[in-house]
Amino acid sequence: MTEKQALVLVPGLSCDRHVWQAQTNGLSDIADISIGDTLKDDSIALMASRVLEAAPERFAIAGFSMGGYVAMEIWRRAPERVTRLALVDTNARADTEEQAALRRAAIATARSRGFEYVLRGSLRQLVAPGCPEALFEEVVQMALRLGFGTYMDQQAAIMDRADSLETLRTVTVPAMVMVGEADALTPPRLAEEMVQALPGAAYEVIADAGHMAPMEQPEAVNAAFRRWLGA
């Protein structure tokens, strides 16, 4: 029997382990899975330090959205510990000033009109048009559970993140870039840019999925993970 691989899954903005639930359940036969803690810090660097401290000595890592920024920072800091790298619905570039301004505006609106108001408006853009209402509600409730304080801290971390495109050119382990076909937040063109920077990376486009691909199309995402873990 093949020994299970250590796999660290890192959640995105306003996400906890629930975003990876289908992967935790569906890949348990081939991977020893842990979830990176991104809920206590307000910088990508501090999140990376916390994940590294808790991680096994050597591990595969997959980062979703903000978790991708953490995974790229971990590669920068400790490449000798990383056996595989997967970047899921994320982006290697730093925020533009326009993007940072939109984040600050969302925080201001949440203060004035309520966090849930902002979530229901913004999260609708994160799922494919045909997303079932129950799944959308799962995404909303996850964010509400984590609260406005976590949202603000994580947005501050995202706005201050490093540009990682050149970092990707140094990756020497099996890599995968995954994106939902209908991802409006980090669209396929940004995924393709990462693929071009990553030596020999696999590229997985998930049909009928937006930004929340791990929750929207878990079977297709898990199949892609199996290919990557077996590469």
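What this report covers is the structure whose coordinates are included nearby. (Residues numbered from 1 in each chain as written. Predicted model: local features only at pLDDT ≥ 70, side-chain atom pairs only at ≥ 80, totals over all residues. Heavy atoms only, no water.)

**Here's the deal with the pattern of salt bridges**
Should their charged atoms come close, side chains of opposite charge can pair.
Moving on, step 1. Summed over all chains, the structure comprises 16 salt bridges.
Moving on, step 2. One salt bridge in this structure joins Arg-50 and Asp-41, with 2.7 Å as the shortest N-O distance.
Moving on, step 3. Among the residues examined, Arg-50 registers a relative accessible area of 31% and is labelled partly exposed.
Moving on, step 4. Classification of Asp-41 by relative accessible area gives buried; the value is 8%. (Salt bridge = Lys/Arg side-chain N within 4 Å of Asp/Glu carboxyl O. Buried < 20%, exposed > 50% of the residue type's maximum accessible area, 1.4 Å probe, protein only.)

**Notes on the pairing of strand E1 (residues 5–10)**
The two faces of the sheet receive side chains in turn, since in a regular strand these alternate between them.
Moving on, step 1. Pairing between E1 and strand E2 (residues 31–35): 5 bridges, direction parallel. Across the sheet, residue Leu-7 finds its bridge partner in E2, namely Ile-33.
Moving on, step 2. As for the winding sense of the linkage, the β-α-β connection from E1 through helix H1 (residues 21–26) to E2 is right-handed.
Moving on, step 3. Two strands pair when backbone bridges link them, and E1 and strand E3 (residues 59–64) are joined in this way by 4 bridges, in the parallel orientation. Residue pairing in the sheet places Leu-9 in a bridge with Ala-62 of E3. (Pairing = 2+ DSSP bridges. Helix = DSSP H or I, 4+ residues; strand = E, 2+ residues; numbered from the N terminus. Right-handed = clockwise from strand over helix to strand, strands pointing away.)

**Notes on unusual backbone geometry**
Moving on, step 1. The residue Ser-14 is not glycine, and still its phi comes out positive at about 55°.
Moving on, step 2. Looking at the secondary structure, you find Ser-14 in the loop between E1 and H1.
Moving on, step 3. In this structure, Ser-65 takes a positive phi of about 55° despite not being glycine.
Moving on, step 4. Here Ser-65 shows up in the loop between E3 and helix H3 (66–77).
Moving on, step 5. Under the relative-accessibility criterion, Ser-65 is labelled buried at 9%.

**Concerning the nonpolar core**
Most often, soluble globular proteins have nonpolar side chains that are buried together.
Moving on, step 1. Counting residues in each nonpolar core, the largest one holds 43 residues, and the members touching the most others are Trp-20, Met-212, Phe-225 and Trp-228.
Moving on, step 2. Looking at this core element by element, the count peaks at 7 residues for helix H6 (residues 133–159).
Moving on, step 3. If near-sequence neighbours (up to four positions away) are discounted, Phe-225 is found in contact with Leu-9, Trp-20, Leu-27, Ala-62, Val-88, Met-176 and Met-178.
Moving on, step 4. Ala-92, Ile-158, Ala-175 and Met-194 belong to the second largest nonpolar core, which has 37 residues in total. (Core = buried A, V, L, I, M, F, W, Y, C linked by side-chain atoms within 4.5 Å. Contact = heavy atoms within 4.5 Å.)

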